[in-house]
Amino acid sequence: MTENGSIATGDAARDERPGSAAPAADEGRVPGTLGRTARHEARVLASYVRWLGRRPQGIGAGDRPFGYARGQAAMVYGIAFACLVETVGLVYLLRDHPVAHAVMLVLDVYTVVMVLGLQAAAVARPHVLSDEALRVRRGAALDVRVPRAEVVAVHRRLRTSDRPEPGELSVDVGAITNVTLELGAPLTRTTLFGRVERFSVVHLYAEEPEDLVRALRSGPGPGPAAG
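Draft legend 1. Local environment of a nonpolar patch on the surface. Together, Val91, Leu105 and Val109 line one region of the surface with nonpolar side chains, adding up to about 190 Å² of accessible area. Along the chain, Leu105 falls in helix α3 (residues 98-124). Among the residues examined, Leu105 registers a relative accessible area of 31% and is labelled partly exposed.

Draft legend 2. Structural view of helix α4 (residues 209-217). Every buried residue of α4 is accounted for by Pro209, Leu212, Val213, Ala215 and Leu216. Viewed along the axis of α4, the buried residues span an arc of 165°, placing them on a single side of the element. In the core, the buried residues of α4 are packed alongside β2 (64-66), β3 (127-129), β4 (133-138), β6 (151-159), β8 (177-190) and β9 (196-204).

Draft legend 3. Geometry of the packing of aromatic side chains. All chains considered together, the criterion is met by one aromatic pair. Centroid distance Tyr48 to Trp51: 6.2 Å. Interplanar angle 45°. Geometry classified as tilted. Note that Tyr48 and Trp51 are positioned in helix α1 (residues 32-53) at a spacing of three residues, about one turn of the helix. Between the NZ or CZ atom of Arg95 and the centre of the ring of Tyr92, over which it lies, the distance is 4.1 Å.

Draft legend 4. Main features of the packing of α1 against α3. Contact pair α1 / α3: the axes reach a minimum separation of 7 Å and the direction vectors enclose 65°. Crossing handedness for the pair α1 and α3: left-handed. Residues Glu41, Val44, Leu45, Ser47, Tyr48, Arg50 and Trp51 of α1 lie in contact with α3, whose contacting residues are Tyr110, Val112, Val113, Met114, Leu116, Gly117, Leu118, Gln119, Ala120, Ala121, Val123 and Ala124.

Procedures and definitions
- Residues numbered from 1 in each chain as written.
- Predicted model: local features only at pLDDT ≥ 70, side-chain atom pairs only at ≥ 80, totals over all residues.
- Heavy atoms only, no water.
- Patch = residues over 30% accessible without salt bridge, like charges linked within 9 Å, V, L, I, M, F, W, Y side chains within 5 Å.
- Areas by Shrake-Rupley, 256 points an atom, 1.4 Å probe, with all protein chains shown as cover.
- Salt bridge = Lys/Arg side-chain N within 4 Å of Asp/Glu carboxyl O.
- Helix = DSSP H or I, 4+ residues; strand = E, 2+ residues; numbered from the N terminus.
- Buried < 20%, exposed > 50% of the residue type's maximum accessible area, 1.4 Å probe, protein only.
- Arc of directions from axis to C-beta.
- Contact = heavy atoms within 4.5 Å.
- Phe/Tyr/Trp six-rings, centres within 6.5 Å; stacked < 30°, edge-to-face > 60°.
- Lys NZ or Arg CZ within 6 Å of the ring centre and 35° of its normal.
- Axes fitted to C-alpha atoms, helices over the stretch in contact; angles between N-to-C directions.
- Left-handed = near helix turned anticlockwise from the far one by under 90°.

Structure (structure tokens):
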């Protein structure tokens, strides 16, 4: 997947101020893109356990999960099916070349496992709203903690682009977002490829956007302005 693709766009994210790191951020333990990629794949594989056990990750007492996995399910399963067809074809074409056959079989099976793992991670890692913050996620690839105190406006807004403007973070599903948050101060995140990005607007997709907007507006304190 590309860095700005519709399924996976980066590693865990963090607020730029001390003490506001995302709960899932684990940067620094293994430096470099290779380490971030390895951790991402490990989280994808671990998501199978939570998916099959129906135990979403990172939801505490009183927190509200907001899913987004259904929006990408058809695309993910379609890609997995195409990979499976390719695997069967290669098994037939390479049947007389045992070494190449074994190598390609392992690679193709691992590809199918990782593609389905994207859906497992999306189910196991929904957006999570607590009294303090909205945890915006995209599977195992992105995890941004947005303090509710920084949300100055929230809008129910349908967008059909996965290319954010400078200063925006687009957490789309199939190039679609339906909730927009405007922040009072910029946050930062580190992508899977190590680039640091600043943003003060968040576009995200939720299966129940009206409920998410309503919950953000009616939370602790005066709440953000309506859009």
